[in-house]
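Structural overview
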Amino acid sequence: MTGRLPMILDVDTGIDDSLAILYACASPEIELLAVTCVAGNVPAGRVADSTRSLLELAGRGDVPVALGAERPLVKPLETTEETHGPRGIGHAELPAPTRALAEQDAADLIIDAARRCPGAVQLVTLGPMTNLALALRREPRLPSLLRGWTFMGGAFRVPGNTTPTSEWNVYVDPDAAQVCLAAWASALTVDSAVPLPLGMGLDVTERARILPVDVTRLARRAGAADADADALTDAATRMHPRGTVRANPLLEFIVHALRFYFEFHARYDGFYGAFIHDPFVVAGAIDRVLVEVRPLFVDVEVGSGLAHGMTIADWRGITGHAPNVAVAVEGDAAAFLDRLIDRIGGLAGGR
Ligand code: BDR
Ligand code: CA
């Protein structure tokens, strides 16, 4: 251990997962121990390929990548290539990974890391919570063994983005989300020192939007020539990055991945830009100053019907259950976006 915060990211890469991985790679406060993969935005095998290739492109081919669950605990897998592109990375293309996957599966890797350094490892889940649910089945003491768990998931006081009531990560595997939240609830009854998981749902993550003008800022930060960076703001020239942008493969990846995400949000969310949920969650896990939380009891509706996959928070303490999640209710999206541009732009500039 290095004095930095040891972190494991669990991802379903995913355009915003890609940015989250890059944000983690660019953050001096953390030691990225491993990235574990789960089926969600695209099938798990594709997640594992893109994740390894992206880490290699970012100069972090040393970070172990483990394959995890290929399907949710109970329901059949649904994926969303429409949102993230056929390979999960939008219009971007990456060379095939050169390094093998970790020998352990995702759940075992998480358990081993937590057991090796009890109270040290921060787990951040950015996809369906299937891997963590499987790990909890094998090691029920995980809530006490981890330093903490931060998740992207849920829509607490806002509409869902997948059904009117459900956010994507929870919708894909509501049973896993329920298992994880219940595990923390029960661990907290035994040991009140167990930290509440930080839950960042759409309430705050949809405040973090990236626009073409921000991609221009990021390109400048990466050292692209002003004219080449400015061309990224222009609809006519954005598709074919110029000179100093094209010469930087990591920057070019970001531009082409985000272009797909922008087109999706223009179709469904009414703006040409994108919500960047997952990197905001990594940023919140690293620096809690970025979010304001309310401790609440949270459960998930797993039955069929309109509320399937809904995260239900007990805002008024009606159930009498003790809080099991620190639900993010405010988030400093502007400060986060500045950090993202500075960090990922700096990382791309150093490649
Ligand atoms: C979440 O769903 C996925 O599509 C994104 O990667 C993010 O983790 C937002 O609802
Ligand atoms: Ca994700």
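Sequence positions are assigned chain by chain, starting from 1 and proceeding in written order. Chain labels run from A onward and ligand labels from 1 onward, assigned in the order the entries are written. Predicted model: local features are reported for residues with pLDDT of at least 70 only, side-chain atom pairs are reported and counted for 80 or more only, and whole-chain, interface and lining totals are derived from all residues. In computing side-chain properties, one takes all heavy atoms of the structure into account and sets aside hydrogens as well as water.

Okay, the overall build of the protein next. Secondary structure elements are defined from DSSP: runs of H or I of at least 4 residues count as helices, runs of E of at least 2 residues count as strands, and each element is numbered from the N terminus. Broken down by element type, the protein carries 16 helices and twelve strands. Counting only C-alpha atoms, the protein reaches 60 × 40 × 35 Å along its principal axes. Of all 351 residues assigned to the protein, the portion counted as buried reaches 59%. Any pair of residues with heavy atoms lying within 4.5 Å of one another is described as a contacting pair. For the protein, long-range pairs separated by at least 24 residues make up 80% of all intrachain contacts whose partners lie at least 6 apart in sequence. Relative accessibility under 20% of the residue-type maximum defines a buried residue, over 50% an exposed one, and the middle range a partly exposed one, all with a 1.4 Å probe and only protein chains included.

Let us now look at the sheet that holds strand β6 (residues 198-200). Strand pairing is assigned whenever DSSP identifies at least 2 bridges connecting the two strands. As summarised here, the arrangement of the eight strands in space is β3-β2-β1-β4-β5-β6-β12-β9, forming an open sheet in which the pairing is mixed. Strand pairing shows two members of the sheet lacking a second neighbour, β3 (65-67) and β9 (291-296), which therefore form its edges. Going from strand to strand, the sheet's axes swing by 25° on average, the running direction of each strand aside. Note: strand β2 (residues 30-37) against β3, three bridges, orientation parallel. When the sheet's bridge partners are listed, Val-35 is paired in β3 with Val-65. Orientation is described by lines fitted to C-alpha atoms, with helices fitted over the stretch in contact, and by angles between N-to-C directions that extend from 0 to 180 degrees.

What follows concerns the environment of Leu-55. Within the element layout of this structure, Leu-55 appears in helix α2 (residues 44-57). Leu-55 sits in the buried class, given a relative accessible area of 0%. Remark: the alpha-carbon pair of Leu-55 and Cys-25, spanning 30 residues in sequence, is separated by 8.3 Å. The residues contacting Leu-55, other than those within four sequence positions of it, are Ile-21, Cys-25, Leu-32, Val-35, Arg-60, Gly-61, Val-63 and Val-65.

We define a salt bridge as a side-chain nitrogen of Lys or Arg found within 4 Å of a carboxyl oxygen belonging to Asp or Glu. Inspection of every chain in the model, using the stated rule, returns 15 salt bridges. Close ionic contact of Arg-221 with Asp-342 constitutes a salt bridge, the shortest N to O distance being 2.7 Å. Separated by 121 residues along the polypeptide, Arg-221 in helix α10 (residues 212-221) and Asp-342 in helix α16 (residues 333-349) bring together distant segments of the chain. One connected set of salt bridges, linked through shared partners, spans Asp-105, Asp-108 and Arg-138.

Ligation of the calcium ion (ligand 2) by protein atoms is provided by Asp-12 (OD), Asp-17 (OD), Asp-17 (OD), Leu-126 (O) and Asp-278 (OD), these donors lying 2.3 to 2.6 Å from the ion. Linear spacing of the donor residues for the calcium ion (ligand 2) on their chain is D-x4-D-x108-L-x151-D. Residue Asp-17 is found in helix α1 (residues 15-25), and its partner Leu-126 is found in the loop between β4 (122-125) and α5 (130-138); the two are separated by 109 residues along the sequence. Take Asp-17: its relative accessible area is 0%, and that puts it in the buried class. Using a relative accessible area of 1% as the deciding quantity, one classes Leu-126 as buried. In this analysis a donor is any N, O or S atom within 2.8 Å of a metal ion (3.2 Å for sodium, potassium and calcium), and since water is not included, sites may seem incomplete.

Turning next to the pairing of β4. With burial as the criterion, each face of β4 is covered, one bearing Gln-122 and Val-124 and the other bearing Leu-123 and Thr-125. With four bridges joining them, strand β1 (residues 5-11) and β4 adopt parallel strand pairing. The residue bridging Leu-9 from the neighbouring strand is Val-124, located in β4. Bridging between β4 and strand β5 (residues 148-152) involves four bridges; their strand directions are parallel. Looking at the pairing, Val-124 lines up with Thr-150 of β5.

A few words on the domain arrangement of the protein. Think of interface size as the accessible area that goes away when the parts come together; that is how it is often given. Domain boundaries assigned for the protein yield domain 1 (5-206 + 277-312) and domain 2 (209-274). Reported domain spans reflect what an automatic or database domain assignment gives. Taking only C-alpha atoms into account, the centre of domain 1 sits 26 Å from that of domain 2. With 20 residues of domain 1 at the interface, the matching set in domain 2 holds 15 residues. When two components associate, each loses some accessible surface as probed by a 1.4 Å sphere; the sum of these losses over both components is called the buried area. For the pair domain 1 and domain 2, the summed buried area comes to about 1,500 Å², and 74% of that belongs to carbon and sulfur atoms.

Near, as used in this document, describes a residue that has one of its heavy atoms within 4 Å of the molecule or strand being considered. In the vicinity of ligand 1 there are 13 residues, among which Asp-16, Asn-41, Asn-161, Glu-167 and Asp-278 approach most closely. Here an oxygen atom of ligand 1 and a side-chain polar atom of Asn-41 are 2.7 Å apart. Under this definition, polar contacts are N or O atom pairs within 3.5 Å; protein pairs additionally need one hydrogen-donor-capable and one acceptor-capable atom, and for neighbouring residues in sequence, both atoms have to be side-chain atoms. Note that an oxygen atom of ligand 1 is positioned 2.9 Å from one of the backbone N or O atoms of Leu-126. The Shrake-Rupley method, run with a 1.4 Å probe, gives the accessible areas here. Residue values count only the displayed protein chains as cover. When isolated, ligand 1 has an accessible area of 280 Å², and the protein chains bury 96% of it.

Our focus in this paragraph is the side chain of Asp-203. Along the chain, the position of Asp-203 falls in helix α9 (residues 202-205). Put simply, Asp-203 is tucked away with no salt bridge, and the nearest opposite charge, on Arg-157, sits 5.6 Å away. Here Arg-157 takes part through its backbone nitrogen, which lies 2.6 Å from a polar atom of the side chain of Asp-203. If we ignore the near neighbours within four places in the chain, the residues touching Asp-203 are Ala-155, Phe-156, Arg-157, Val-158 and Ala-328. Charge counting follows a simple rule: Lys and Arg are positive, Asp and Glu are negative, and His as well as the terminal groups are ignored.

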